[in-house]
Amino acid sequence: LHVSMPPIKLVPGRGLSQRGLVSIARHCMPPSLAAHALETAVDAIVHVCPAGTVKTWNRGAFETFGFTADQALGSSLTDLVIPEHLRPLDPKPQLDRRHLRRAPASRADGTLFTAEFTVLELTANAGAPDQGAVVTLRDASAMGETVRTLRRRVAQLESGMERLVALARPSASSHEPECTPGARDSLADDEAPAAELVEALLASQVQCVLATTDADLAPCQYLMAYAASPCLREIFVATPLQARKAQQMLERPSCSLLWDNRTGRLADHGDGVLVTAVGRAAAARPEEGRARFLERNPNMGRFLASDGVALFRISVARFEIVKGYGRPRRWEPPAV
């Protein structure tokens, strides 16, 4: 038996690419078997036209999102699966087929969950109309909870190691610190309230550094304008939704914000303060934090009103504070 079909692309370390699997199904699998495989697949497999309208909705899509095929066909995929408070932001990311993507999603009953998805654009022959795309989605909530549990466990182990190191470190009175006289003062001020250090530093700065990760978990950093809630439990930042940092916060919410008061002078050896906020990012609801952000950054009103610009809320779990070359301290802002 000889089957004529285009070359199949192999992805190093991962076998056949998604496009290769589709090509095999198209050229080697009987149409009835291909239709059966599509309908019985565990994953949600959706074909959308170039305008985003659903053309195919399999059983996996019904089990994942709760909409029947009759409800889904002819509807906008955005309206079906994107949470209502994110729809006005009109997300149109530049999708990368090399990686699974993650984004918030909603079911027919309104419950929210984290979805993993890939997008395969259906390229047409020259002169033929665009065929849209095939979107494969699955519920990744269980995996997300596993990752969060592991991160909590790692944080606990790191905290335990810090306590052991602190117990093993000689006391300040047993040796002279090898730094400037200013550092000696920072040791004497070590018991200064952490909340005051954090509040004073955040009030004195106009920008912070947002630290996220890309799809390969490589670190990424961005300068951001910000505004903090009075209790310091929430930090608001603004960015175009199509920007890389916005997509990274939506797909991998764990992130950090950093502030420091360095001046470039020798006194920074002892007086320099570094504050890191560790938390999780989420798209803010309409008008949430907007007034506070504009009060803090009155020159950014036009930017914030631009199409596609969104506010993100960083829910802070803890602050980590370092002054001079002293030991790091942790402070958890009180719950509201």
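Up top is the structure.
Residues numbered from 1 in each chain as written. Predicted model: local features only at pLDDT ≥ 70, side-chain atom pairs only at ≥ 80, totals over all residues. Heavy atoms only, no water.

Student: Would you mind going over the side chain of Glu251 with me for this structure?
Tutor: Of note, Glu251 is situated in helix α9 (residues 244-251). For Glu251, a relative accessible area of 6% translates into the label buried. If sequence neighbours within four positions are ignored, Glu251 has contacts with Arg101 and Arg102. (Helix = DSSP H or I, 4+ residues; strand = E, 2+ residues; numbered from the N terminus. Buried < 20%, exposed > 50% of the residue type's maximum accessible area, 1.4 Å probe, protein only. Contact = heavy atoms within 4.5 Å.)

Student: Where do I start with the pattern of salt bridges in this structure?
Tutor: A side chain with one charge may pair with a side chain of the opposite charge, provided their charged atoms come close. One pass over the structure, following the stated rule, counts 10 salt bridges. Across the pair Arg262 and Asp260 runs a salt bridge, and its minimum N-O distance is 3.1 Å. For Arg262, a relative accessible area of 64% puts it in the exposed group. Among the charged side chains, a salt-bridge network with shared partners connects Asp43, Glu116 and Arg138. (Salt bridge = Lys/Arg side-chain N within 4 Å of Asp/Glu carboxyl O.)

Student: Help me out: how do you make sense of the packing of aromatic side chains in this one?
Tutor: Aromatic ring pairs are defined here through the distance separating the ring centres and the angle between the ring planes. Within the structure shown, the criterion is met by 4 aromatic pairs. Ring centres of Trp57 and Phe65 lie 6.0 Å apart, and the angle between their planes is 45°; on these two criteria the pair is classed as tilted. Pair check on accessibility: Trp57 and Phe65 agree, each one buried. When the centroid spacing of 5.5 Å and the interplanar angle of 75° are considered together, the rings of Tyr226 and Trp259 count as edge-to-face. Residue Tyr226 is located in strand β9 (residues 219-228), and its partner Trp259 is located in strand β11 (residues 254-260); the two are separated by 33 residues in the primary sequence. In this pair, the class of Tyr226 matches that of Trp259, namely buried. For the cation-ring pair, Arg107 lies above Phe113, with the distance from its terminal atom to the ring centre recorded as 4.1 Å. (Phe/Tyr/Trp six-rings, centres within 6.5 Å; stacked < 30°, edge-to-face > 60°. Lys NZ or Arg CZ within 6 Å of the ring centre and 35° of its normal.)

Student: Please explain the sheet that holds strand β7 (residues 133-139) as it appears in this structure.
Tutor: Within a beta sheet, neighbouring strands are joined by backbone hydrogen bonds and run either parallel or antiparallel to one another. In space, the 5 strands of this open sheet follow the order β4-β3-β7-β6-β5, with antiparallel pairing throughout. On the outer flanks of this sheet lie β4 (54-57) and β5 (101-106), each paired with one strand and no other. The sheet shows a mean angle of 35° between the axes of neighbouring strands, direction not considered. Where strand β3 (residues 44-48) lies against β7, 5 bridges are found, and the strand directions are antiparallel. Looking across to β7, one finds that Val48 is bridged to Ala133. (Pairing = 2+ DSSP bridges. Axes fitted to C-alpha atoms, helices over the stretch in contact; angles between N-to-C directions.)

Student: Where do I start with the pairing of strand β12 (residues 273-283) in this structure?
Tutor: Side-chain direction in a regular strand flips from residue to residue, so the side chains alternate between the two faces of the sheet. Burial analysis of β12 places 8 of its 11 residues in the buried class, the great majority of the element. Of the pairings in the sheet, the one linking β11 to β12 comprises 7 bridges and is antiparallel in character. In the strand pairing of β12, Leu257 is matched with Ala277.

Student: Explain α9 to me, please; I cannot follow it from the model alone.
Tutor: The buried fraction of α9 amounts to 7 of the 8 residues, a majority that puts the element mostly inside the structure. Within the span of α9, buried status applies to Lys245, Ala246, Gln247, Gln248, Met249, Leu250 and Glu251. Where α9 is buried, its residues touch β5, β8 (207-213), β9, β10 (234-240), β12 and β13 (309-323).

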